Amino acid sequence: MSGDTFWAALALVLVFEGLLPLLAPGGWRSTFQRLLQLRDGQLRFFGLCSVLLGLAMLWFVT
């Protein structure tokens, strides 16, 4: 992976991360408040699922 590809991927992450607060700030805020109520283990599980899904998507498209 070249440096340009890395920075393009990072830029896309920032775009996607910013879409929900831009388009639906109230929904984003309530979702974030619910996330704060989760235990550490639950957050780690969702993080693990996200990482595995991302890796699977990368494997599928390359």
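It should be emphasised that the depicted structure is a prediction, and the values quoted were computed from it without experimental measurement.

Thoughts on the environment of Gln-42
And step 1. For Gln-42, the position within the fold is in helix 3 (residues 40-61).
And step 2. A relative accessible area of 28% places Gln-42 in the partly exposed class.
And step 3. A polar side-chain atom of Gln-42 sits 2.8 Å from the main-chain amide nitrogen of Arg-39.

Focus on the layout of surface pockets
And step 1. Roughly 240 Å³ of volume is contained in the second largest pocket.
And step 2. Together, Phe-16, Glu-17, Leu-20, Pro-21, Trp-28, Thr-31, Phe-32 and Leu-35 line the second largest pocket.
And step 3. Breaking the lining of the second largest pocket down by element, the ones donating at least two residues are helix 1 (3-23) and helix 2 (25-36).
And step 4. Classifying every residue of the lining of the second largest pocket gives six nonpolar, one polar and one charged.

Conventions and cut-offs
Residues numbered from 1 in each chain as written. Predicted model: local features only at pLDDT ≥ 70, side-chain atom pairs only at ≥ 80, totals over all residues. Heavy atoms only, no water. Helix = DSSP H or I, 4+ residues; strand = E, 2+ residues; numbered from the N terminus. Buried < 20%, exposed > 50% of the residue type's maximum accessible area, 1.4 Å probe, protein only. Polar contact = N/O pair within 3.5 Å; in protein donor to acceptor, adjacent residues only side chain to side chain. 1 Å grid on protein atoms, 1.4 Å probe; cavity = no way out; pocket = protein on both sides within 12 Å on 5 of 7 lines; lining within 4 Å. Points joined across faces, edges and corners; volume = space filled by probe spheres on them. Nonpolar A, V, L, I, M, F, W, Y, C, P; charged D, E, K, R; others polar.

Honestly, it's all geometry; don't read function into it.
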